[in-house]
Amino acid sequence: MDWKGRRQSSNIEDRRGTSSRGRNPFGRSGGIRLPSGGIRRSGMSFKTILIIGVIYLVLKLIGIDPLQMLGGGNTGALTGGQSQAERQVTPARQDEMTQFVATVLAETEDVWNGVMKSQGFDYAEPKLVLFSGAVASACGNASSASGPFYCPGDQKVYIDLTFFDELAQRFKASGDFAQAYVLAHEVGHHVQNLIGVLPEFNRMRRSMSQTEENQMSVRVELQADCFAGIWGHYTAQKGLLERGDLEEALNAAQQIGDDTLQRRTQGYVVPESFNHGTSAQRKEWFARGFETGRLEVCDTFNNPV
Ligand SMILES: [Zn+2]
């Protein structure tokens, strides 16, 4: 993707280096997290910090290292829990990835401002939070292991940039347009939130069985893929796509399909548990949005998927 030198979004919230690290090896990609309770406070009062400080000193005196006990901090004690990719990310690479993400976000703003306006809607741009390790959102606490996600409660997309290395290495989906597709998919969830799809899903799922909820979730996810395709359509129109970019996005959709993921991680497939769609479905719906650039083709609720 020919992204360098283009506008970068100012809707980036950088929260890297403010939380503890630690990952498990079974992350997912392309999630939405629906609010499950109240908003967590992320700040600590002076009094709390003081108390923690005192406890720290006491434990240190009796020979226990509290940082090791809490499983965090930048002590290096837990480096075994970090992935290969995480340790390889240099500051220069982080910088470039940050610029890339800010540029792709800006491109989604331009596209969705235009598309929504043509439908008579105002587009409230989402914020994108960069985090490392773990993060607190209005949808609860999350770790990098759960992959990038969108939280409708605070209208923010959350991503740990090390996911991109994971996408290339573990999910076998390399290339900048594969990364852009993941971001555009999460922004697609934001569009769904604005047009009422996510609130409706959140309301309906309370009276659904797990299987019904999974089936509905698949339709929600495929629509986000279709919306990512719409973004791709306009990006191609601007001449920003390079040879192989479309294939990168389609390959990413293929690699993070439920069936492909399950086959890779557990060796067999349980269709009732699918909640994002199969590889074929994800490719199909991305392609529909990409080919037409039209919102109407993304109606995954009134059409067979
Ligand atoms: Zn999703």
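Along each chain, numbering runs from 1 in the same order as the chain's sequence is written. Only residues with pLDDT of at least 70 get local features here, since the model is predicted, and only at 80 or more are side-chain atom pairs given and counted; chain-wide, interface and lining totals rely on the full set of residues. Side-chain measures were taken over the full set of non-hydrogen atoms in the model, leaving aside hydrogen atoms and water.

Trainee: An account of the overall build of the protein chain is needed here, citing residue identities and associated values.
Mentor: In this description a helix means any DSSP run of H or I spanning at least four residues, a strand means any run of E spanning at least two, and both kinds are numbered starting from the N terminus. A tally of regular secondary structure across the protein chain gives eleven helices and seven strands. Burial statistics for the protein chain: of 305 residues in total, 47% are counted as buried. Any two residues having at least one pair of non-hydrogen atoms within 4.5 Å are treated as being in contact. Considering only contacts within the protein chain whose residues lie at least 6 apart along the sequence, 77% involve residues at least 24 apart. We get accessible surface area from the Shrake-Rupley algorithm with a probe of 1.4 Å; when it comes to residues, only the shown protein chains can shield them. By element, 53% of the accessible surface of the protein chain is carried by carbon and sulfur atoms, the whole surface being about 14700 Å². Buried means the residue's accessible area, taken with a 1.4 Å probe over protein chains only, is under 20% of the maximum for its type, while exposed means over 50%, and partly exposed covers the values in between.

Trainee: Which residues make up the state of the cysteines, and what are the values?
Mentor: Here, the term disulfide refers to a pair of cysteine sulfur atoms separated by no more than 2.5 Å. Enumeration according to the criterion identifies two disulfides in this entry. Through a disulfide, Cys139 is tied to Cys151; the S-S separation comes to 2.0 Å. Taking the sign of the S-S torsion, 90° for the link of Cys139 and Cys151, the bridge is right-handed. In this pair, Cys139 is assigned in the loop between strand E4 (134–137) and strand E5 (140–143) and Cys151 in strand E6 (residues 149–151), connecting sequence segments twelve residues apart. A relative accessible area of 3% means that Cys139 is categorised as buried. Across the disulfide, Cys226 is cross-linked to Cys298 (sulfur-sulfur distance 2.0 Å). Measuring the twist about the S-S bond at about -75°, one finds the Cys226-Cys298 disulfide to be left-handed. Separated by 72 residues along the polypeptide, Cys226 in helix H8 (residues 210–237) and Cys298 in the segment after helix H11 (279–292) bring together distant segments of the chain. A single burial state applies to Cys226 and to Cys298, both of which are buried. Look at the protein chain and number its bonded cysteines as they come in the sequence; the links are 1-2, 3-4.

Trainee: Tell me about the packing of helix H6 (residues 176–194) against helix H7 (residues 197–204), and please be specific about residues and values.
Mentor: Angles shown run from 0 to 180 degrees and are taken between the N-to-C directions of axes, each axis being a line fitted to C-alpha atoms and, for helices, limited to the stretch in contact. Put simply, H6 and H7 touch, their axes get as near as 4 Å, and they point 80° apart. The orientation of H6 with respect to H7, classified from their angle, is roughly perpendicular. Only Val197, Leu198 and Pro199 of H7 make contact with H6, whose side of the interface consists of His189, Gln192 and Asn193. Gly is placed with the polar residues, together with every amino acid not listed as nonpolar (Ala, Val, Leu, Ile, Met, Phe, Trp, Tyr, Cys and Pro) or charged (Asp, Glu, Lys and Arg). Partitioned by chemical class, the residues of the contact of H6 with H7 number three nonpolar, three polar and no charged. Note that the term roughly parallel is reserved for angles under 35 degrees, roughly antiparallel for angles over 145, roughly perpendicular for angles of 65 to 115, and oblique for everything else.

Trainee: Now, about empty space enclosed by the protein: what can you tell me, with residues and values included?
Mentor: Computed over the protein atoms alone on a 1 Å grid, cavities are sets of points where a 1.4 Å probe fits but cannot get out and pockets are open sets with protein on both sides within 12 Å along at least five of seven lines; a residue lines them when it has an atom within 4 Å of a point. Grid points are joined across faces, edges and corners, and a volume is the space filled by probe spheres set on the points. Counted by the stated rule, this structure contains one cavity of 30 Å³ or more. In this structure, the largest cavity occupies an estimated 40 Å³ of space. Surrounding the largest cavity, ten residues form its lining, Ser144, Gly147, Pro148, Asp160 and Phe163 being those nearest its centre. Considering only residue class, the lining of the largest cavity consists of four nonpolar, three polar and three charged.

Trainee: Kindly report on the sheet that holds strand E3 (residues 127–131), identifying the contributing residues and their values.
Mentor: In short, DSSP must find at least two bridges between two strands for them to pair. Pairing is mixed across the open sheet formed by five strands, whose spatial order is E1-E3-E7-E6-E2. At either margin of the open sheet sits one strand with a lone partner, and together these are strand E1 (12–15) and strand E2 (31–32). Inspection of the sheet shows E2 paired to E6 by two bridges, in the parallel sense. Each bridged residue has a counterpart across the sheet, and for Ile32 the counterpart in E6 is Tyr150.

Trainee: Outline the nonpolar core, listing residues and values.
Mentor: Working definition of a nonpolar core: buried Ala, Val, Leu, Ile, Met, Phe, Trp, Tyr and Cys residues. They are joined through side-chain atoms within 4.5 Å. Counting 57 residues, the largest nonpolar core has Trp112, Phe164, Leu167, Tyr181 and Trp231 as the members making the most contacts within it. Once you skip the residues sitting within four places of it in the chain, Trp112 turns out to touch Lys117, Tyr123, Val187, Val191, Phe227, Ile230, Trp231 and Leu295. With nine residues, the next largest nonpolar core counts Val135, Ala138, Phe149 and Cys151 among its residues.

Trainee: A description of H6 should follow, citing residues and the corresponding values.
Mentor: A helix is expected to reach a length of 1.5 Å times the quantity of its residues less one. Look at H6: 27 Å from first C-alpha to last across 19 residues, which is about the 27 Å you get at 1.5 Å a residue. After H6 finishes, the residue Gly196 shows a positive phi value of roughly 95°.

Trainee: So what about the packing of H6 against H8? Which residues, and what values?
Mentor: For the pair H6 and H8, the least separation of the axes is 7 Å and the interaxial angle reads 120°. You can see that H6 and H8 cross each other, and the crossing is right-handed. In this structure, H6 uses Phe177, Ala180, Tyr181, Ala184, His185, Gly188, His189, Val191 and Gln192 to contact H8, whose residues at the interface are Val220, Glu221, Gln223, Ala224, Asp225, Phe227, Ala228, Trp231 and Gly232. Partitioning the contact of H6 with H8 into residue classes produces ten nonpolar, six polar and two charged. Helix crossings get a hand from a simple test, with the near helix turned counterclockwise from the far one by less than a right angle marking a left-handed crossing and a clockwise turn marking a right-handed one.

Trainee: Requested: an account of the environment of Leu130, with residues and values cited.
Mentor: Mapped onto the secondary structure, Leu130 falls in strand E3. Residues Leu130 and Thr98, 32 residues apart in the sequence, show an inter-C-alpha distance of 8.4 Å. Those residues in contact with Leu130 that sit more than four places away from it in its chain are Ile12, Glu13, Asp14, Arg15, Arg16, Thr98, Val101, Ile159 and Leu161.

Trainee: Kindly report on the pattern of salt bridges, identifying the contributing residues and their values.
Mentor: The rule for a salt bridge is simple: a side-chain nitrogen of Lys or Arg has to be within 4 Å of a carboxyl oxygen of Asp or Glu. Tallying each qualifying case throughout the model produces 15 salt bridges. Note that Glu109 and Arg7 form a salt bridge whose closest N and O atoms lie 3.0 Å from each other. In this pair, Glu109 is assigned in helix H4 (residues 91–118) and Arg7 in the segment before E1, connecting sequence segments 102 residues apart. On the basis of relative accessible area, Glu109 is assigned to the buried category, the value being 1%. Among the salt bridges present, the one from Arg7 reaches Asp110, with a minimum N-O distance of 3.0 Å. Placement of Arg7 in the segment before E1 and of Asp110 in helix H4 is noted, with a sequence separation of 103 residues between them. Here the salt bridges do not stand alone but share partners, grouping Arg6, Glu107 and Lys238 into one network.

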